[in-house]
Each structure stands twice: as C-alpha cells, then as structure tokens.
Amino acid sequence: MTPRGPQETLEHAQTERRHAMVEGQIERRGVHDPDVLSALRTVPRHLFVPTEVEDRAYDDAALPIGFGQTISQPYIVALMTVLAEVTLRSRVLEVGSGSGYQTAILAELADRVYTVERRRELEERARLILAKLGYHNVTTVLGDGSLGLPEQAPFDRIVVTAAAPSPPPPLLEQLAEGGRLVVPIGPAGGDQVLVVVTRTADGWHEVESIPCRFVPLLGESGYRDVEGQEPP
Ligand code: SAH
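Here is a short report on the structure shown in this document. (Residues numbered from 1 in each chain as written. Predicted model: local features only at pLDDT ≥ 70, side-chain atom pairs only at ≥ 80, totals over all residues. Heavy atoms only, no water.)

### Here we look at the pairing of strand β3 (residues 91-95)
What counts is decided by this rule: We call a residue buried when its accessible area falls under 20% of the maximum for its residue type, exposed when it is over 50%, and partly exposed in between, using a 1.4 Å probe and counting protein chains only. Note on conventions: DSSP H or I runs of at least 4 residues are helices, E runs of at least 2 residues are strands, and numbering of each starts at the N terminus. Between any two strands, pairing holds if DSSP finds at least two bridges. A clockwise course of the path from the first strand over the helix to the second, judged with the strands pointing away from the viewer, identifies a crossover as right-handed.
The buried fraction of β3 is high, at four of five residues. Summarising the sheet, β3 and strand β4 (residues 112-117) pair through five bridges and their orientation is parallel. Its bridge partner lying in β4, V92 is registered against V113. Regarding topology, helix α4 (residues 101-109) serves as the crossover connection from β3 to the parallel β4, and that connection is right-handed.

### A look at the packing of aromatic side chains
Here is the rule we go by: Classification of ring pairs uses Phe, Tyr and Trp, with its six-membered ring standing for Trp, and accepts pairs whose centres are within 6.5 Å; under 30 degrees between planes counts as stacked, over 60 as edge-to-face, and the remaining range as tilted.
One pass over the full model with this rule turns up two aromatic pairs. Ring geometry for F48 against Y101: centres 5.9 Å apart, planes inclined by 70°, an arrangement best described as edge-to-face. Note that F48 is positioned in the loop between α2 (34-42) and β1 (63-66) and Y101 in helix α4, a separation of 53 residues in sequence. The exposure class assigned to Y101 is buried, which follows from its relative accessible area of 1%. Ring centres of Y114 and F155 lie 6.0 Å apart, and the angle between their planes is 65°; on these two criteria the pair is classed as edge-to-face.

### Here's the deal with the environment of R18
Rule in force here: In this description, contact between two residues means that some pair of their heavy atoms is separated by no more than 4.5 Å.
Counting through the fold element by element, R18 comes out in helix α1 (residues 6-27). Owing to a relative accessible area of 7%, R18 belongs among the buried residues under this scheme. Sequence separation between R18 and L40 is 22 residues, and the spatial gap between their C-alpha atoms is 7.8 Å. Once you skip the residues sitting within four places of it in the chain, R18 turns out to touch L40, R41, T42, V43, P44, H46 and Y58.

### A short note on the pattern of salt bridges
Counted only if it meets this: Think of a salt bridge as a Lys or Arg side-chain nitrogen and an Asp or Glu carboxyl oxygen that are within 4 Å of each other.
Evaluated as defined, the whole model comprises six salt bridges. Residues R180 and E85 are paired through a salt bridge, measuring 3.6 Å at the closest nitrogen-oxygen approach. With R180 in strand β7 (residues 175-185) and E85 in the loop between α3 (74-84) and β3, this pair connects stretches of sequence that are 95 residues apart. The partner of E123 in a salt bridge is R127, and the shortest N-O contact between them spans 3.1 Å. With a gap of four residues between them, E123 and R127 both fall in helix α5 (residues 120-132), about one helical turn apart. Since its relative accessible area comes to 7%, E123 is described here as buried.

### Describing α2
Operational definition: Note: the arc covers the axis-to-C-beta directions of the helix.
When we look at burial in α2, the residues that qualify are V36, L37, A39 and L40. For α2, the angular spread of buried residues about the axis comes to 160°, placing them on one side. Facing away from the buried surface of α2 by more than 90 degrees, the exposed residues are P34 and D35. Buried positions along α2 lie against α1, α3 and α4.

### Regarding unusual backbone geometry
Geometrically, the link from A153 to P154 is a cis peptide bond, its omega value of 0° lying close to zero. Phi at E85 takes a positive value of approximately 50°, unusual for a residue other than glycine. A relative accessible area of 44% places E85 in the partly exposed class.

### A closer look at the environment of A20
Relative to the helices and strands, A20 is located in helix α1. Among the residues examined, A20 registers a relative accessible area of 47% and is labelled partly exposed. Placed 38 residues apart in sequence, A20 and Y58 show a C-alpha to C-alpha distance of 8.5 Å.

### Thoughts on the pairing of strand β8 (residues 192-200)
Bridge analysis of β7 against β8 gives six bridges, and the strand direction is antiparallel. Each bridged residue has a counterpart across the sheet, and for V183 the counterpart in β8 is V195. Where β7 folds back onto β8 in an antiparallel hairpin, the turn is made up of six residues, including G186, whose phi is positive at roughly 155°. Strand direction decides the pairing type here: β8 and strand β9 (residues 203-212), joined by eight bridges, are antiparallel. Each bridged residue has a counterpart across the sheet, and for V195 the counterpart in β9 is E208. Where β8 folds back on β9, the antiparallel hairpin that results is connected by two residues.

Written as structure tokens, this is what we have:
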C-alpha cells in the first residue's frame, strides 16, 4: 500500500467523519432515503464552512458562516431535502444560498438548481466553491429571493432556507402544478415550523412538519425590517 500524504490523510479523516455524521445524526433520526443519504455522504461539508469552524463541520449543529448567517444543521438539510422530494427531473429553486451546502445536496439529486442569495459576499463564496466542485447544473443569483426568479419559473421544487412570515406569494405563483415548496414559517428569531406546500390543479395545500429555527427571510415578500440585520 502506498503511504498517504498529509493532504490525503486529512481528506480521509473528513470522509470518515462525514460517514459517521450520516449514520449517527441522520439515519438514527429516521431518514432512510438512499439518494439523500448518498448525497450527504458525497458533499464535502467542511469545504462550505469558514476555516475557523472547519473542525466542527460534521458536528450535530448549525455553524456561523459570517454576516450573522448560519449553515443549517446536517439533519435539517437532510429533512428539508426529503420533504422536497427532489428527483433527477426536478427544476429546483433554492432561496437563501448561504454557504451553498444545501445547494450542493440539491444539485446531487436534481436536474437543475437555481439558488438566490441577498448577501453579495455569500453569493460569491457559494458560487466559487460550487464551481470548484464541478456542480455545472447550478446557477447562483444575487438578489431578493423572496420574489422568486420569475424569468426561470415555473419550478417543480422550491426550498427556502430562511424563515418567512407566511409562504411568499411570488413563490406560490412560481410553483409548477404538482410542485412542492418547503419553507420555515414563523417569527424572526422565534420558534418556527417547517411547512410543505403542494400545488395541485385546484390550488395550494399546506402541511406542517417539525418545529425549527432559521434566520429570517429578509425582503419584499419576507420580513422587511428586522433589528440587527444589516442591508446587503
Ligand atoms: N442553505 C444555507 C442556509 C443559509 S442561512 C446553508 O445551509 O448554508 C439563510 C440565508 O438566506 C442567508 O445566507 C441569508 O443571507 C439569506 N437570505 C435571507 N433573506 C434572503 C432573501 N430575501 N433572498 C435571498 N437570500 C436571503
């Protein structure tokens, strides 16, 4: 056997941590979708977090990514992905790219992913890492994702990773018939609930999933004024 170089040893350790994360945090909590588990084993989460917190990338927790924003806890990413029911044919819109980690998970499973981020620095960082890892089916967009992306609509799936006061009307409109929207709903900084909205021929149907806590969706169809949040 050829001895491993230091870089290889490090990558190997991260892969082991990632597999342990999937088993201990995701499967143990009842997520068994093989495609979602495989995506979580594949995407190198440690490359999506700032170097200061890289050693905590596989912890059972959300982590700071700068600008008062967070990368979601691995289990929440898994759950949102399961709830979205993404398939290889899905055109997906993600609102709130943040680190780009959830984007990469969606890109492993979908045909195409559009992701919108309002903070320039985060959009840039997500764009660079996603390109470096070869996610050619992702388009990153800088802007107010609470308004959706009308020029690319309709979408089969919409995943919002910031909490809204109610499902943003533009996103409901941009959902294809048979489509699914996953969005945390509730007060900024308070207890929220993950909501799944499906669109059928006769309208929109809402089902509540689990309680959660996300940073607020700031924008025209989100929260307009949240204390402590600087403009982009
Ligand atoms: N999915 C991300 C979560 C990031 S936190 C991850 O796992 O890393 C939520 C993100 O939503 C933040 O980056 C925040 O800047 C962004 N955001 C908030 N309001 C937004 C809006 N109206 N449009 C686009 N992005 C928004």
